[in-house]
Amino acid sequence: MTDLHTLELGETGSRVVFLHGLFGQGRNWNTLGKQLADKHRVTLVDLPHHGRSPQPDTFGYLDVTAAVAELLSADDGADDPATVVGHSMGGKVAMLLAITRPELVAKLVVADMSPVVYERVGGFKTYVEAMQGLDLSRITRREEADAGMQEAVPDPTIRGFLLQNLRRDGEGWRWAMNLDVLGRDLDRIGAWPAEELKAYDPYDGPVLWLAGELSNYVADEYAPAMKEWFPRYRKVTIKGAGHWVHSEKPETFLAALRQFLGD
């Protein structure tokens with residue numbers, strides 16, 4: 001799996017790579033990326049199954065991680081390791097990249113995600129069903145799609161986030177992400193490949209964990225798993241933020257990230 005779609009910002013300084021969450025795309029990080037581009041070379045990645053990147057037939061974390069590793073190692077990545085920032089699903093990819101290819105990762109930033117199995121994927125299943133339930137052949141304007149999802153996804157922020165994936169396709173519309181595969185493989189997306197990681201050592205580089213105060217994705221019970229794989233991690237809880245910490249509290253998120261980068 002090659003040819004991940006990326007957006008590059010900035011021309012000098014250390015490399016910072018952003019990995020989005022489920023149903024996202026690289027441009028979700030555009031505002032933060034532009035703010036960091038004054039001092040860093042920023043890469044915004046469309047992960048496999050999302051945006052303009054390839055859409056395989058199945059979802060597998062190690063496959064997605066390998067695609068990111070291939071992207072980063074294409075430019076002598078071992079000689080130019082990056083600070084890798086990952087949110088949610090992208091957080092798991094970032095963690096797995098640090099564990100399996102530590103030479104590519106100078107520092108790691110995990111946004112509201114833990115190295116554990118999440119059994120509860122019901123909320124995301126609701127989003128999939130809402131998107132699949134839209135008859136795109138009858139949609140003429142984006143506002144109609146928004147109205148059609150309002151009952152199933154009442155939160156306008158989440159609805160707007162999902163609808164960023166709705167693209168014009170000639171006279172009609174299409175979803176830019178691999179919706180059927182992502183919906184079918186939600187359990188895999190909630191998983192953590194513990195068995196496959198037995199051959200690897202913990203990542204010994206510096207790790208910043210940014211958790212949303214109102215989110216349950218970085219619960220106290222997950223601390224042993226975090227410590228096991230990332231012994232040098234430091235956790236910062238962002239007050240008033242839920243799961244989408246970087247979009248809910250962007251200034252706080254950016255300030256913590258700049259400090260970690262040594263700006």
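What counts and what doesn't
Residues numbered from 1 in each chain as written. Predicted model: local features only at pLDDT ≥ 70, side-chain atom pairs only at ≥ 80, totals over all residues. Heavy atoms only, no water. Helix = DSSP H or I, 4+ residues; strand = E, 2+ residues; numbered from the N terminus. Contact = heavy atoms within 4.5 Å. 1 Å grid on protein atoms, 1.4 Å probe; cavity = no way out; pocket = protein on both sides within 12 Å on 5 of 7 lines; lining within 4 Å. Points joined across faces, edges and corners; volume = space filled by probe spheres on them. Nonpolar A, V, L, I, M, F, W, Y, C, P; charged D, E, K, R; others polar. Domains from an automatic or database assignment. Buried area = accessible area lost by both parts, 1.4 Å probe. Salt bridge = Lys/Arg side-chain N within 4 Å of Asp/Glu carboxyl O. Polar contact = N/O pair within 3.5 Å; in protein donor to acceptor, adjacent residues only side chain to side chain. Axes fitted to C-alpha atoms, helices over the stretch in contact; angles between N-to-C directions. Parallel < 35°, antiparallel > 145°, perpendicular 65-115°, else oblique. Left-handed = near helix turned anticlockwise from the far one by under 90°. Buried < 20%, exposed > 50% of the residue type's maximum accessible area, 1.4 Å probe, protein only.

By the naming in an unreviewed UniProt entry, the chain goes by Alpha/beta fold hydrolase and is assigned to Nocardioides turkmenicus.

Draft legend 1. Looking closely at the side chain of His-246. In this structure, His-246 sits in helix H10 (residues 245-248). Once you skip the residues sitting within four places of it in the chain, His-246 turns out to touch Trp-29, Leu-32, His-87 and Phe-253.

Draft legend 2. Main features of empty space enclosed by the protein. The full count for this structure, using the stated rule, is one cavity of 30 Å³ or more. Of the voids in this model, the largest cavity is the one considered here, and its volume is about 140 Å³. Counting residues per element, the ones that place at least two in the lining of the largest cavity are helix H3 (89-100) and helix H8 (186-189). Here the residues of the lining of the largest cavity sort into 10 nonpolar, two polar and two charged.

Draft legend 3. Spatial organisation of the environment of Thr-83. Within the secondary structure, Thr-83 sits in strand S4 (residues 82-87). Here the alpha-carbon distance between Thr-83 and Phe-260, two residues 177 residues apart in the chain, equals 9.7 Å. If we ignore the near neighbours within four places in the chain, the residues touching Thr-83 are Arg-15, Val-16, Val-17, Lys-107, Val-109 and Leu-261.

Draft legend 4. Structural detail: the domain arrangement of the chain. Domain boundaries in the chain define domain 1 (6-117 + 191-261) and domain 2 (124-185). Computed over C-alpha atoms, the centres of domain 1 and domain 2 are 26 Å apart. Approximately 1600 Å² of surface area, both sides summed, lies buried where domain 1 meets domain 2, with 56% of it carried by carbon and sulfur atoms. The largest contributions to the domain 1 side of the interface with domain 2 come from Leu-22, Phe-23 and Trp-244, which together make up 40% of the buried area. At the junction of domain 1 and domain 2, the tally comes to zero salt bridges. Where domain 1 touches domain 2, the interface holds 10 residue pairs in polar contact (both at pLDDT 80 or more). Residues of the side of domain 1 that touches domain 2, tallied by class, amount to six nonpolar, eight polar and three charged.

Draft legend 5. Spatial organisation of the packing of helix H5 (residues 142-149) against helix H6 (residues 156-163). Interaxial distance between H5 and H6 falls to 10 Å at its minimum, and their mutual angle equals 130°. Compared by their axis directions, H5 and H6 come out oblique. Classified by chirality, the crossing of H6 by H5 is right-handed. For the pair formed by H5 and H6, the contact residues are Arg-142, Ala-145, Asp-146 and Met-149 on the first element and Arg-159, Leu-162 and Leu-163 on the second.

Draft legend 6. Highlighting the environment of Val-121. Checked against the element boundaries, Val-121 lands in the loop between strand S5 (105-111) and helix H4 (122-132). The class of Val-121 is buried, set by a relative accessible area of 15%. Beyond its immediate chain neighbours, meaning those up to four positions away, Val-121 contacts Leu-186, Asp-187 and Gly-190.

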